[in-house]
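Residue-level structural notes
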Amino acid sequence: MTGEHRELIERIRSSAVVVRRAVEAAPPGRFGVAPRAGEWSALETLTHLRDVVVHVYGLRLRRLLYEDAPVFADFDEERYRPASLARGERTEYLLDTIVGEHEQLARLLEAVPDAEWAREGRHPQFGVMSIEFLARRVGEHAEEHAAQITAAAREA
């Protein structure tokens, strides 16, 4: 495994820790606070992160491991997120799912031979996506939203 691939896998794992710390550091009740106009609540951000890591990055990475040149479908988050929120999923459940999916993806990627990291699929709007690109986005995306959760917690 190349050093760069090892770093991407480590970033996936460490970004899950960053998300956990951000959520655990939030004041009690923070995930029940309604957002300001035009913003997502902390709960919406956490729900979005869970949905994307599972239904976008996780699914696309798995398809790249088992299919040749898949075409990726859109993820209709505008309908999915409200349905997720309506179920009333607990913060701890969302967090455990995010951390668990990050660990599963890291373990899957550890088994990918270096030459396979360049495997690609295509999204009709966003273009070509490789295993390496998606692995990088898993960590980046989690860190971006952990920072949003941390900032929102400071404003509470």
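Preceding this section is the structure that the text describes.
First, a word on what this report is: a plain description of the structure on this page. (Residues numbered from 1 in each chain as written. Predicted model: local features only at pLDDT ≥ 70, side-chain atom pairs only at ≥ 80, totals over all residues. Heavy atoms only, no water.)

**Here's the deal with the overall build of the chain**
To keep it simple, the criterion reads: Helix and strand definitions here come from DSSP, where helices need a minimum of 4 consecutive H or I residues and strands a minimum of 2 consecutive E residues; each element is numbered from the N-terminal end. When a residue's accessible area, from a 1.4 Å probe over protein chains only, is under 20% of the maximum for its type it is buried; when over 50% it is exposed; and in between it is partly exposed. Note on areas: these come from Shrake-Rupley sampling with a 1.4 Å probe, and a residue is covered only by the protein chains present in the view. Charge assignment: positive for Lys and Arg, negative for Asp and Glu; neither His nor the chain ends contribute. To locate a charge, take NZ of a lysine, CZ of an arginine, CG of an aspartate or CD of a glutamate.
Looking only at helices and strands, the chain features 5 helices and 2 strands. In the chain, the succession of helices and strands from N to C terminus is α-α-α-α-β-β-α. With the C-alpha coordinates of the chain rotated into their principal frame, the extents come out at 45 × 30 × 20 Å. Counting the 156 residues in the chain, one finds 42% classified as buried. As presented, the chain carries roughly 8,300 Å² of accessible surface, and 53% of it is formed by carbon and sulfur atoms. Charge-centre separation for the chain: the mean point of 21 positive side chains lies 3 Å from the mean point of 27 negative side chains.

**Let's talk about the packing of helix α2 (residues 42-66) against helix α4 (residues 91-110)**
Quick note on the threshold: Only the stretch in contact is used when fitting a helix axis, every axis being a line fitted to C-alpha atoms; angles between N-to-C directions are given from 0 to 180 degrees. Should an angle fall under 35 degrees it is taken as roughly parallel, and over 145 as roughly antiparallel, whereas 65 to 115 is taken as roughly perpendicular and any remaining angle as oblique. Should the near helix be turned anticlockwise from the far one by less than a right angle, the crossing is termed left-handed; should it be turned clockwise, right-handed. We call two residues in contact when some of their heavy atoms are within 4.5 Å. Basically, the charged four are Asp, Glu, Lys and Arg, the nonpolar ten are Ala, Val, Leu, Ile, Met, Phe, Trp, Tyr, Cys and Pro, and anything else, Gly included, counts as polar.
Where α2 contacts α4, the axes come no closer than 10 Å and their chain directions differ by 25 degrees. Comparing their axes, α4 and α2 come out roughly parallel. Judged by the sense of rotation from one axis to the other, the crossing of α2 with α4 is left-handed. From α2, Leu43, Leu46, Thr47, Leu49, Arg50, Val53, Val54, Gly58, Leu61, Arg62, Leu65 and Tyr66 reach across to α4, where they touch Thr91, Tyr93, Leu94, Leu95, Thr97, Ile98, Glu101, His102, Gln104, Leu105, Leu108 and Leu109. Partitioning the contact of α2 with α4 into residue classes produces 15 nonpolar, 6 polar and 3 charged.

**Focus: the pattern of salt bridges**
Heads up, the rule is: Here a salt bridge means any side-chain nitrogen of Lys or Arg lying within 4 Å of a carboxyl oxygen belonging to Asp or Glu.
For the structure on display, the rule yields 23 salt bridges. Arg11 is paired through a salt bridge with Glu143; the nearest N and O atoms lie 2.5 Å apart. Residue Arg11 is found in helix α1 (residues 3-25), and its partner Glu143 is found in helix α5 (residues 131-155); the two are separated by 132 residues along the sequence. Glu143 sits in the partly exposed class, given a relative accessible area of 25%. Of the charged contacts, one joins Arg81 and Glu77 as a salt bridge, the two residues approaching to 3.5 Å between their closest N and O atoms. Of this pair, Arg81 and Glu77 both sit in helix α3 (residues 77-86), 4 residues apart, which is roughly one turn of the helix. One network of salt bridges, in which partners are shared, links Arg11, Arg137, Glu140, Glu143 and Glu144.

**Structural notes on the pairing of strand β2 (residues 127-130)**
The line we're drawing: Note on pairing: two strands pair once DSSP finds at least 2 bridges between them.
For strand β1 (residues 120-123) and β2, the ladder comprises 4 bridges, and the chain directions are antiparallel. Opposite Arg122, over in β2, you have Val128 as the bridge partner. Following β1, the chain reverses through 3 residues before pairing antiparallel with β2.

Coordinates in, geometry out; function isn't part of it.
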